[in-house]
Amino acid sequence: MKLLELKEGDVATISRIDGGRGTVTRMAGLGLYPGKKIRIIQAAPFRGPLLIEDLLSGTRTMIGRQIASMVEIRDEQRR
C-alpha cells in the first residue's frame, strides 16, 4: 500500500521507500525512514502536498505527492 492511499487521520508505519539514493537520503533527512510510525494530518486538495506527523516526536513535515507515491506503508489503524 502506498502513502498516497491513506486518508486524513490514518496511522501507518513506513515499510519501504522506493526510488533512488537521493530520494531515500532526502526522506531520511526529514526523519522519515522504514519503521517510522506516521499519521496523515492533512491532504491538500488538487494534488497538493501531504502534511504528515511523526507519532514519536510530534514533528510535522509536508511532502509532495510524487515523493509520497514512492513510500510503501503498512496501514496500522484508521481513525
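Visitor: Please give an account of the pattern of salt bridges that cites residues and values.
Guide: Counting across every chain of the model gives six salt bridges. Here Asp 18 and Lys 2 are joined by a salt bridge, their closest N and O atoms 3.1 Å apart. On the criterion of sequence distance, the pair formed by Asp 18 in the loop between strand S1 (11–17) and helix H1 (21–29) and Lys 2 in the segment before S1 is long-range, its members being 16 residues apart. For Asp 54, the salt bridge goes to Lys 36, with nearest N and O atoms at 2.9 Å. Of this pair, Asp 54 sits in strand S3 (residues 50–54) while Lys 36 sits in the loop between H1 and strand S2 (37–43); the two residues are 18 residues apart in sequence, bridging distant segments of the chain. Of the two residues examined, Asp 54 and Lys 36, each falls in the buried class. Among the charged side chains, a network of salt bridges with common partners joins Lys 2, Arg 16, Asp 18 and Glu 72.

Visitor: So what about the pairing of S3? Which residues, and what values?
Guide: Most of S3 is tucked away: five of the five residues are buried. Going residue by residue along S3, you find Leu 50, Ile 52 and Asp 54 tucked away on one face and Leu 51 and Glu 53 tucked away on the opposite face as well. For S2 and S3, the ladder comprises five bridges, and the chain directions are antiparallel. When the sheet's bridge partners are listed, Ile 38 is paired in S3 with Asp 54. As judged from the four bridges shared by S3 and strand S4 (residues 60–63), these two strands associate in the antiparallel manner. The partner of Leu 51 across the bridge, within S4, is Met 62.

Visitor: Residues and numbers for the nonpolar core, please.
Guide: Within the largest apolar cluster, 15 residues are counted, with the highest numbers of intra-cluster contacts made by Leu 3, Ile 14, Leu 32, Ile 52, Ile 63 and Ile 73. For this core, the secondary structure elements donating two or more residues are S1, S2, S3 and strand S5 (71–77).

Visitor: How would you explain the pairing of S1 if you had to name every residue and give the values?
Guide: The buried fraction of S1 amounts to five of the seven residues, a majority that puts the element mostly inside the structure. Bridge analysis of S1 against S2 gives three bridges, and the strand direction is antiparallel. By the bridge assignment for S2, Ala 12 is matched with Ile 38.

Visitor: Requested: an account of unusual backbone geometry, with residues and values cited.
Guide: Glycine aside, residues mostly have negative phi angles, and peptide bonds mostly take the trans form. Phi is positive for Phe 46, close to 60°, though the residue is something other than glycine. Mapping Phe 46 onto the fold places it in the loop between S2 and S3. Residues other than glycine seldom take positive phi values, yet Arg 47 does so here, at roughly 60°. The exposure class assigned to Arg 47 is exposed, which follows from its relative accessible area of 68%.

How each quantity is defined
Every chain's residues receive numbers from 1 upward, in the order its sequence appears when written. It should be noted that, the model being predicted, local features are given only for residues of pLDDT at least 70 and side-chain atom pairs only at 80 or more, the latter also being counted only at that level, while totals for whole chains, interfaces and linings use all residues. Side-chain descriptors were evaluated using all non-hydrogen atoms of the structure, hydrogens and water having been removed beforehand. Any Lys or Arg side-chain nitrogen located within 4 Å of an Asp or Glu carboxyl oxygen qualifies as a salt bridge. By the criteria applied, helices consist of DSSP H or I runs no shorter than four residues and strands consist of E runs no shorter than two, each listed in order from the N terminus. Note on exposure labels: buried denotes an accessible area under 20% of the residue type's maximum, exposed denotes more than 50%, and partly exposed covers the range between, all computed with a 1.4 Å probe on protein chains only. Note: two strands are recorded as paired if DSSP finds a minimum of 2 bridges between them. Buried Ala, Val, Leu, Ile, Met, Phe, Trp, Tyr and Cys residues form a nonpolar core when they are joined through side-chain atoms within 4.5 Å.

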